[in-house]
Amino acid sequence: MSDNARSRILARLRAAAPGPVPPRPAWTPPTYLAEERRARFIAMIEAAHAEVHEVDQTTWPVRLRSILANKGVRRVMTAPTTAAGQQLAAVWADLADAPALIAYDQPVEVLKPVLVRDVDAAVTMTRGAIAETGTLVLWPSPAEPRLMSLLPPIHVALVEEWRIADSLAALMADESWAAAMPTNAVLISGPSKTADIEQTLAYGVHGPKELIVLLVRDQEAGAAAV
Amino acid sequence: MALETMPDGPVVENPAMDKGPDFTQRAHAALIDPGLRRNFRRAMDGLMEKRAAQFADPVAWAALRERGAQARAAALARLPDLLEELEARCAANGIQVHWAETIEDGNAIVLGILNHHRARQVVKGKSMVSEEMHLNDHLAAHGITAIESDLGEYIIQLAGELPSHIVMPCIHKNKDQIATLLAANIPGLGYTEDVAALTAAARRILRDRFAAADAGISGVNFAVAETGTLVLIENEGNGRLSTTLPPLHIAITGIEKVVERLDDIPPLLALLPRSATGQPITTYVNMITSPRKPGEKDGPAAVHLILLDNGRSRVFADAQLRDTLRCIRCGACINHCPVYARVGGHSYGSVYPGPIGKILTPQIAGLDVAGDLPHASTLCNACVEVCPVKIPIADILVRLRQEAAQPAGAATPAVKGAGSRRHIAEALVWTVWRWVYAWPWLHHRATRLLARIGNWIPARAPLLRAWTRNRTRPHFAGQTLHERARRAGIDHE
Ligand code: SF4
């Protein structure tokens with residue numbers, strides 16, 4: 001049945017006179033100077049209700065512990081094999097009353113009950129960010145799966161400030177996205193929100209209620225080491 | 001493929017319409033409901049203001065809009081080729097593609113896939129196409145529970161209503177109404193008007209539904225032929241959950257949603273949320289290119305894409321009407337429509353209300369069913385000015401009015417139900433009108449006659465009644481303009 005439907009639909013579309021293909025008009029997405037770029041990213045994502053903290057490459061786990069302590073976070077999900085996951089585990093192991101770490105190291109079928117209800121926050125890295133719209137760019141991977149940035153009530157995302165691009169168009173072109181799209185690519189611009197009840201904004205309707213961005217400073221030596 | 005299909009699904013005669021009173025009657029009821037008018041007015045004013053702030057620079061807006069319109073027009077220009085390319089790319093990526101000519105086919109395909117996977121609990125992300133298909137009713141008739149997870153859709157599903165806006169489905173309801181509804185439906189939730197508390201309660205209930213779901217169903221905002229990628233945008237995260245947590249994902253889209261290249265996406269994304277709600281971007285842009293790959297720890301093992309025609313190929317056949325299919329469903333035309341702001345979304349009796357509904361619904365359901373909708377407009381052009389992909393909505397409205405009044409009987413009318421609103425009396429009036437204006441001596445006599453006896457015609461006379469029902473009866477001057485001019489000594493003839 002499906003095959004016939006396919007050929008009939010395509011036949012009808014082909015029977016219609018093909019339209020002229022309009023020329024591609026010039027359009028340039030906005031560009032920013034280096035110092036504007038970072039400021040724009042911060043201003044935009046803060047306007048979307050995210051919290052931004054500037055951190056150092058070596059000390060961010062300590063900083064994160066105090067940020068999360070203020071929010072009463074006790075159980076934090078991490079990706080145990082990523083650089084960030086390992087750094088966090090190493091530093092927190094030596095800290096008194098650091099939250100418990102839960103590794104996303106098994107398929108969702110095994111971890112579902114924990115993921116759905118039992119973690120307070122998750123920490124992920126990002127592939128980059130976008131200044132124009134204040135957006136995080138994530139390509140979830142086997143090491144850092146999709147649901148980490150979605151199910152826990154708090155999402156902590158590490159953004160390396162030298163990876164902030166001007167616009168999505170520039171990022172897609174520079175990194176040749178079209179040549180090899182991942183299973184899932186996701187752009188995140190703030191915590192989950194809704195305005196379905198009388199246009200009143202409410203956060204955390206399905207995804208994270210809070211988005212914490214740790215903006216990693218560009219230290220020359222550090223940048224090379226990552 | 002051997003999917004089970006149900007031969008005995010419910011027959012929906014007027015797919016995009018519900019039955020009952022026509023637009024005029026529904027609009028009348030809506031107009032005398034001050035609460036409803038207040039809800040819409042407030043919402044529309046806010047949305048218009050926010051959109052205007054996003055496009056404050058007219059030069060940038062014009063260039064971006066040109067690029068967006070081009071992306072959609074170019075996609076339509078090569079639609080059959082692009083659909084084949086999309087299908088091939090999706091297949092190569094592991095996404096199974098299905099084609100549905102009608103909503104009955106579409107519903108049967110969804111049901112077949114769900115049965116194949118023995119799925120009984122379904123969560124849905126927001127999808128206007130599934131509304132168009134009345135998919136939830138179809139699934140319910142076959143023992144499958146489909147829960148809407150977008151907060152607005154969830155609210156109207158609880159209320160048993162249709163969406164009143166394509167972007168904000170429960171915009172017609174105010175806080176007290178929603179508080180009452182949720183208190184009655186969510187165990188343990190008392191009446192509260194605290195929006196954060198209401199939202200948290202919905203999160204709790206729906207989180208359990210997500211965890212228990214056997215399948216997720218979603219719409220699609222753009223399908224990229226070049227890469228076989230499905231792009232979905234949303235603010236809540238329910239769309240990401242529906243397409244990530246359950247083991248099976250079924251995406252449903254109209255055949256027109258395809259775009260040629262991945263680099264068409266940034267300009268369209270720069271237009272859609274800003275036009276819709278005045279946000280620079282939605283919270284989430286979710287790009288799905290394949291099911292879960294070996295080694296990945298989450299994501300659905302199977303992803304299906306259903307391409308629904310339901311009359312779109314017929315719309316496509318006409319060079320002028322084809323522009324209807326450029327629509328990216330931003331709802332800006334709705335937010336700026338003076339008619340919509342006053343009569344609300346339900347008056348249209350259509351899944352798609354407002355200007356886009358007025359041009360789309362009659363073409364899909366037929367002018368015989370929805371022929372009154374193209375008349376629900378003053379042709380003020382507000383929708384045309386804001387449409388991010390430059391759809392000539394007003395021209396299409398006029399064209400549809402003409403099609404509806406066409407003499408019936410053309411072998412293959414451009415629009416289903418063409419000629420269905422042709423009234424012999426009306427046709428006669430216009431024929432006489434044409435003669436009168438073609439012959440000066442006849443015009444002269446006719447106007448003189450009307451000047452003399454016009455005021456004697458009762459306001460409730462058959463043809464006049466349609467006008468005087470809502471308006472003051474026109475008053476005829478005692479003399480025609482020509483007579484007065486002549487008397488004043490002006491005579492150019
Ligand atoms: S017709 Fe234009 S303005 Fe209306 S929903 Fe479609 S794209 Fe938006």
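Engineer: Before we go on, may I ask you to explain the overall build of chain A in this structure?
Structural biologist: When you go through chain A residue by residue, the secondary structure sums to 7 helices and 12 strands. Dimensions of chain A, computed from the C-alpha atoms along their principal axes, are close to 75 × 45 × 40 Å. Looking at chain A residue by residue over its 226 residues, the buried ones come to 51%. Across chain A, every contact between residues at least 6 apart in sequence was considered, and the portion connecting residues at least 24 apart equals 76%. Element-wise, carbon and sulfur atoms account for 54% of the exposed surface of chain A, whose accessible area totals about 9,700 Å². Here chain A holds 21 positive side-chain charges and 25 negative ones, and the gap between their average locations is 9 Å.

Engineer: What exactly am I supposed to notice about the confidence of the model for chain A here?
Structural biologist: Any residue range with low pLDDT should be treated as having predicted coordinates unsuitable for detailed reading. Scored by pLDDT, chain A comes out at a mean of 94, with 96% of its residues at no less than 70. Note on residues 221-226 of chain A: pLDDT under 50 across the span, and 6 contacts to partners over four residues away in sequence or across chains.

Engineer: I tried to follow the confidence of the model for chain B on my own but got confused; where do I start?
Structural biologist: Residues and elements named next belong to chain B. Looking at chain B as a whole, the pLDDT averages 91, with 95% of positions reaching at least 70. Per-residue pLDDT stays below 50 along residues 1-19; that stretch engages in 41 contacts with residues further than four places along the chain or on separate chains. For this predicted complex, the interface confidence score (ipTM) comes to 0.96, while the overall pTM stands at 0.92.

Engineer: Just to check I follow, could you spell out the pairing of strand 9 (residues 284-288) of chain B for this structure?
Structural biologist: Where a strand is regular, its side chains alternate between the two sheet faces. With 5 of 5 residues buried, strand 9 of chain B lies mostly within the body of the structure. Judged by which residues are buried, strand 9 of chain B turns out to be covered on both faces: Tyr284(B), Asn286(B) and Ile288(B) on one side and Val285(B) and Met287(B) on the other are all buried. As judged from the 5 bridges shared by strand 9 (residues 184-188) of chain A and strand 9 of chain B, these two strands associate in the antiparallel manner. In the sheet register, Ala185(A) faces strand 9 of chain B, and the bridge partner there is Met287(B).

Engineer: I would appreciate a short explanation of the domain arrangement of chain B in the present structure.
Structural biologist: Accessible area lost on assembly of the parts is the figure often given for the size of an interface. Taken domain by domain, chain B holds domain 1 (3-313) and domain 2 (427-487). Using only C-alpha atoms to locate each centre, domain 1 of chain B and domain 2 of chain B end up separated by 51 Å.

Engineer: Any chance you could explain the pairing of strand 12 (residues 210-216) of chain A here in plain terms?
Structural biologist: All names here are of chain A. Taken across its 7 residues, strand 12 has 6 buried, putting it largely inside the fold. Pairing between strand 1 (residues 51-55) and strand 12: 5 bridges, direction parallel. The residue of strand 12 that forms the bridge with glutamate 54 is leucine 215. In terms of strand pairing, strand 7 (residues 154-160) meets strand 12 through 7 bridges, oriented parallel. Looking across to strand 12, one finds that isoleucine 154 is bridged to glutamate 210.

Engineer: Would you take a moment to explain the interface of chain A and chain B for this structure?
Structural biologist: Contacts between chain A and chain B engage 75 residues on the former and 93 residues on the latter. Contact with chain B buries area across many residues of chain A, yet Arg24(A), Ile197(A) and His206(A) alone supply 11% of it, more than any other trio. Across the contact surface, chain A and chain B share 12 salt bridges. A salt bridge links Arg24(A) to Asp263(B); the nearest nitrogen and oxygen atoms lie 3.3 Å apart.

Engineer: Sorry, what's going on with a nonpolar patch on the surface here?
Structural biologist: All names here are of chain B. The grouping of Leu428, Val432, Trp435, Trp439 and Trp441 at the surface amounts to a nonpolar patch, some 600 Å² of accessible area in total. Element by element, the count of residues in the nonpolar patch is highest for helix 20 (residues 424-438), at 3 residues. Tracing the chain through its elements places valine 432 in helix 20. When its relative accessible area of 40% is taken as the criterion, valine 432 is described as partly exposed.

Engineer: Can you help me understand the side chain of Lys358(B) in this one?
Structural biologist: Structurally, Lys358(B) can be placed in helix 16 (residues 354-365). Despite its burial, Lys358(B) remains without a salt bridge, the nearest opposite charge being carried by Asp372(B) at 11 Å.

Engineer: How do you make sense of the packing of helix 8 (residues 151-159) of chain B against helix 9 (residues 175-185) of chain B when you look at a structure like this?
Structural biologist: Helix-helix packing: each pair is described by the crossing angle between the helix axes and the interaxial distance. All names here are of chain B. Orientation of helix 8 relative to helix 9, taken along the N-to-C sense of each, is 70°, at an axis distance of 10 Å. Considering their axes alone, helix 8 and helix 9 lie roughly perpendicular with respect to each other. Each of Tyr154, Ile155, Leu158 and Ala159 in helix 8 lies in contact with helix 9, whose residues at this interface are Ile178, Leu181, Leu182 and Asn185. Its residues assigned to classes, the contact of helix 8 with helix 9 comprises 7 nonpolar, 1 polar and no charged.

Engineer: Would you mind showing me how to read the pattern of salt bridges here?
Structural biologist: When the charged atoms of two side chains lie near each other, side chains of opposite charge can form a pair. In the structure shown here, the tally under the stated rule is 37 salt bridges over all chains. Between Arg38(A) and Glu161(A) there is a salt bridge, with its nearest N and O atoms 2.5 Å apart. Separated by 123 residues along the polypeptide, Arg38(A) in helix 2 (residues 34-47) and Glu161(A) in the loop between strand 7 and strand 8 (164-165) bring together distant segments of the chain. Several salt bridges converge on common partners, so that one network encompasses Arg6(A), Arg14(A), Asp81(B), Glu84(B) and Glu87(B).

Engineer: Mind showing me how you'd approach the sheet that holds strand 6 (residues 229-234) of chain B here?
Structural biologist: What links the strands of a sheet is backbone hydrogen bonding, and the strands pair in either a parallel or an antiparallel sense. Read from one edge of the open sheet, 8 strands run 8(A)-5(A)-6(A)-9(A)-9(B)-6(B)-5(B)-8(B), paired in mixed fashion. Across the chains shown, the open sheet's two edge strands, defined by having one partner strand only, are strand 8 of chain A together with strand 8 (258-259) of chain B.

Engineer: Please explain unusual backbone geometry as it appears in this structure.
Structural biologist: Working note: non-glycine residues mostly have negative phi, and peptide bonds are mostly trans. All names here are of chain A. Unusually for a residue other than glycine, glutamate 198 sits at a positive phi of about 50°. Tracing the backbone shows glutamate 198 in the loop between strand 10 (193-194) and strand 11 (202-203). Located in the positive-phi region is glutamine 199, a residue other than glycine, with phi close to 55°. Mapped onto the secondary structure, glutamine 199 falls in the loop between strand 10 and strand 11.

Engineer: Would you mind showing me how to read the sheet that holds strand 4 (residues 121-125) of chain A here?
Structural biologist: Residues and elements named next belong to chain A. Spatially, 6 strands are ordered 1-12-7-4-2-3 in an open sheet, and the strand pairing comes out parallel. This sheet does not close on itself; its edge strands, each paired only once, are strand 1 and strand 3 (100-103). Averaged over all pairs of adjacent strands, the angle between their axes in this sheet comes to 25°, without regard to strand direction. Note that strand 4 and strand 7 share 5 bridges and pair parallel. Bridging from a neighbouring strand, alanine 122 pairs with histidine 155 of strand 7. Lying over the sheet, helix 2 contacts strand 1, strand 7 and strand 12, oriented at roughly 170° with respect to strand 12.

Engineer: Would you mind going over the packing of helix 3 (residues 60-69) of chain A against helix 4 (residues 83-93) of chain A with me for this structure?
Structural biologist: Residue and element names in this part refer to chain A. Interaxial distance between helix 3 and helix 4 falls to 9 Å at its minimum, and their mutual angle equals 75°. Taken together, the axes of helix 3 and helix 4 lie roughly perpendicular to each other. Every residue of helix 4 that contacts helix 3 at Trp60, Pro61, Val62, Leu64, Arg65 and Leu68 is listed here: Ala84, Gln87, Leu88, Val91 and Trp92. Each residue belonging to the contact of helix 3 with helix 4 can be placed in one class, and the counts come to 9 nonpolar, 1 polar and 1 charged.

Engineer: Help me out: how do you make sense of helix 12 (residues 265-277) of chain B in this one?
Structural biologist: An α-helix turns once per 3.6 residues; consequently, residues spaced three or four apart project the same way. Residue and element names in this part refer to chain B. Between its terminal C-alpha atoms helix 12 stretches 18 Å, which fits the 18 Å expected from 13 residues at 1.5 Å a residue. When you tally the buried positions in helix 12, you get 13 out of 13 residues, the bulk of the element. Glycine 278 sits one or two positions beyond helix 12 and adopts a positive phi of about 75°.

Engineer: How do you make sense of the environment of Phe316(B) when you look at a structure like this?
Structural biologist: Along the chain, the position of Phe316(B) falls in helix 13 (residues 312-317). Measuring from C-alpha to C-alpha, the distance between Phe316(B) and Gly345(B) comes to 26 Å, with 29 residues separating the pair along the chain. Phe316(B) has contacts with Leu13(A), Ala16(A), Leu76(B), Leu79(B), Pro80(B), Arg322(B) and Leu325(B), leaving out every residue within four places of it along the chain.

Here is what the cut-offs are and how they apply
Residues numbered from 1 in each chain as written. Chains lettered and ligands numbered in written order. Predicted model: local features only at pLDDT ≥ 70, side-chain atom pairs only at ≥ 80, totals over all residues. Heavy atoms only, no water. Helix = DSSP H or I, 4+ residues; strand = E, 2+ residues; numbered from the N terminus. Buried < 20%, exposed > 50% of the residue type's maximum accessible area, 1.4 Å probe, protein only. Contact = heavy atoms within 4.5 Å. Areas by Shrake-Rupley, 256 points an atom, 1.4 Å probe, with all protein chains shown as cover. Lys, Arg positive; Asp, Glu negative; His and termini not counted. Charge placed at Lys NZ, Arg CZ, Asp CG, Glu CD. pLDDT = per-residue confidence, 0-100. Pairing = 2+ DSSP bridges. Domains from an automatic or database assignment. Buried area = accessible area lost by both parts, 1.4 Å probe. Salt bridge = Lys/Arg side-chain N within 4 Å of Asp/Glu carboxyl O. Patch = residues over 30% accessible without salt bridge, like charges linked within 9 Å, V, L, I, M, F, W, Y side chains within 5 Å. Axes fitted to C-alpha atoms, helices over the stretch in contact; angles between N-to-C directions. Parallel < 35°, antiparallel > 145°, perpendicular 65-115°, else oblique. Nonpolar A, V, L, I, M, F, W, Y, C, P; charged D, E, K, R; others polar. Expected span 1.5 Å × (residues − 1).

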